[in-house]
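# Fold and geometry: a report
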Amino acid sequence: MARRIDPYSVRLFVAAAQAGSIVRAAEQEHIAASALSRRLADLEHSFGTALLVRSPRGIALTDAGRLVFERGLKIDEDLQALVREVQAEGAEARGTVRLYANMSAVIGFLPERLQRFMAAHAGVTVSLHEEDTPDVIRACLDDRADVGIGVEMPVPAGLDAWHFASDPLQVVMPASHELAALHEVTFSQALAHPLIGIHHGGALDRSLHERAEALGRTFAPKVTVSSFDAVCRMVEAGLGIAIVPQSAAAAYAGTQRFARRALDAPWAARNLHLYALHRNPQPLAVQALLDSLRG
């Protein structure tokens, strides 16, 4: 029986148990839900007993399932440690590094830095995923990401962080806008004009709502879109002004049709940090990417 139980199926079982859902676990592990479900069924067949109780609300563990989950966690951790130790023995960085980054890092900083890194490390592939900062942090903690980049946040236990880049917030507006006459624009002044929002529920959107509430005001965008290039197109069309990171403003509002002004607020001094699960040593390819991005 033991020969029929492969470590990958155990890893998928652990992921499903942690997620409480086969669909969510499949998304996290980048496998089709039907394929993951078959793997779990095969695993149950190998043990000769049910490990999961399936229902429309998700999955729950049987008593046998809880035992497999506890042992499976340790088995997966040991195997991952073995992989890291073997990789660290190599003289050349090889393999795939899972990089999760927020939108402004992907737009404003990563393309050129990744090009330089990959030119210097031909044996390394970078698998890049764009996520909001909280999801970047979660991916690092869950060991779904080797390296994360996001807005500076308090570091949870078990995570290391390093400064990556400064990316302060700016107010973007048409060149003819009345606020363009100012050297800097306060948040209160920006709130007095129609606004274009970015990614409803995202990190920046939540921050702007909270800052407006602190002033006794309301952050109520006239239009909300899902990308910085779309934000700048709305601004260009005269639908409103927008508060975006400097990296996005430089990428999409760098022509004479736009005016860009610093947002005059202490919290506008926005920094991006690198995040990685604390390991000693890091896999060689992961350490090489960290060193390159920190340099």
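These remarks concern the structure in this document. All of these numbers come straight from a predicted model, not from anything done at the bench.

## Some thoughts on the overall build of the chain
For the chain, the helix and strand inventory stands at twelve helices and 13 strands. Considering the chain as a whole, with its 295 residues, one finds that 44% of them fall into the buried category. Within the chain, contacts between residues at least 6 apart in sequence are counted, and of these 74% link residues at least 24 apart. With the model as given, the accessible surface of the chain reaches about 15,100 Å², and the carbon-plus-sulfur share is 51%. Here the chain contributes 29 positive and 33 negative side-chain charges, whose respective centroids are spaced 3 Å apart.

## A look at the packing of aromatic side chains
Evaluation of the coordinates by the stated rule reveals two aromatic pairs. A ring pair is formed by F109 and F164, whose centres lie 5.9 Å apart and whose planes are at 75°; its orientation type is edge-to-face. Of the two residues, F109 sits in the loop between α5 (103-108) and α6 (110-120) while F164 sits in strand β6 (residues 159-166), which places them 55 residues apart along the sequence. As far as the burial class goes, F109 and F164 line up, both buried. Taking 5.2 Å as the distance between ring centres and 85° as the angle between the ring planes, the aromatic pair formed by F187 and W267 counts as edge-to-face. Separated by 80 residues along the polypeptide, F187 in helix α8 (residues 187-191) and W267 in the loop between β12 (258-264) and β13 (271-277) bring together distant segments of the chain. According to the relative accessible area criterion, F187 is buried, its value standing at 4%.

## As for the packing of α6 against helix α12 (residues 284-294)
Contact pair α6 / α12: the axes reach a minimum separation of 10 Å and the direction vectors enclose 130°. Between α6 and α12, the interaxial angle falls into the category oblique. Where α6 crosses over α12, the two elements pack in a sense that is right-handed. Every residue of α12 that contacts α6 at L110, R113, L114 and F117 is listed here: A285, A288, L289, S292 and L293. Among the residues forming the contact of α6 with α12, the class breakdown is seven nonpolar, one polar and one charged.

## With respect to the sheet that holds strand β4 (residues 124-130)
An order of β4-β3-β5-β13-β6 is seen for the five strands of this open sheet, with the pairing classed as mixed. Two strands in the sheet have a free side with no partner beyond their single neighbour: β4 and β6. Averaged over all neighbouring strand pairs, the angle between strand axes comes to 25°, with direction disregarded. The pairing of strand β5 (residues 147-151) with β13 spans four bridges and is antiparallel. Residue pairing in the sheet places I149 in a bridge with L274 of β13. Against the sheet, α12 makes contact with β3 (95-101), β4, β5, β6 and β13, and its axis sits at roughly 30° relative to β5, the strand it touches most.

## A short note on the nonpolar core
One finds M173, I243, V244 and L263 to be the most contacted residues of the largest nonpolar core, which totals 35 residues. Counting residues per element, the ones that place at least two in this core are β7 (169-174), α8, β9 (196-198), α9 (203-214), α10 (228-236), β11 (242-245), α11 (246-252) and β12. For M173, the contacting residues outside a window of four places in its chain are L179, A180, V185, V235, I241, R257, F258, A259 and R261. Ranked by size, the runner-up nonpolar core spans 26 residues in total, among them L114, I149, W162 and F164.

Cut-offs used in this document
All residue numbers here refer to positions counted from 1 along the written sequence of the relevant chain. Under the rules for a predicted model, residues below a pLDDT of 70 receive no local features and side-chain atom pairs below 80 are neither given nor counted, while totals for whole chains, interfaces and linings still include all residues. Values reported for side chains reflect all heavy atoms of the structure, with hydrogen atoms and water molecules removed beforehand. By the criteria applied, helices consist of DSSP H or I runs no shorter than four residues and strands consist of E runs no shorter than two, each listed in order from the N terminus. Accessibility here uses a 1.4 Å probe with only protein chains present; expressed as a share of the type maximum, an area under 20% marks a residue as buried, one over 50% as exposed, and anything in between as partly exposed. In this description, contact between two residues means that some pair of their heavy atoms is separated by no more than 4.5 Å. Shrake-Rupley sampling with a 1.4 Å probe provides the accessible areas, and residues are treated as covered by the protein chains on show and by no other component. In this count, Lys and Arg are taken as positive residues and Asp and Glu as negative ones, while His and the chain termini are left out. Taken as the charge centre is NZ of Lys, CZ of Arg, CG of Asp or CD of Glu, depending on the residue. Aromatic rings from Phe, Tyr and Trp, with only the six-membered ring used for Trp, were paired whenever their centres fell within 6.5 Å, and each pair was classed as stacked if the ring planes differed by under 30 degrees, edge-to-face if by over 60, and tilted otherwise. Lines fitted to C-alpha atoms define the axes here, with helix axes fitted over just the stretch in contact, and angles between the N-to-C directions of these axes take values from 0 to 180 degrees. Geometric relationships in this document are graded by angle, where less than 35 degrees denotes roughly parallel, more than 145 denotes roughly antiparallel, 65 to 115 denotes roughly perpendicular, and other angles denote oblique. For a crossing to be left-handed, the near helix must be turned anticlockwise from the far one by less than a right angle; the clockwise case is right-handed. Gly is placed with the polar residues, together with every amino acid not listed as nonpolar (Ala, Val, Leu, Ile, Met, Phe, Trp, Tyr, Cys and Pro) or charged (Asp, Glu, Lys and Arg). Strand pairing follows a simple DSSP-based rule, namely that at least 2 bridges must link the two strands. Definition of nonpolar core: a set of buried residues of the types Ala, Val, Leu, Ile, Met, Phe, Trp, Tyr and Cys, connected through side-chain atoms within 4.5 Å.

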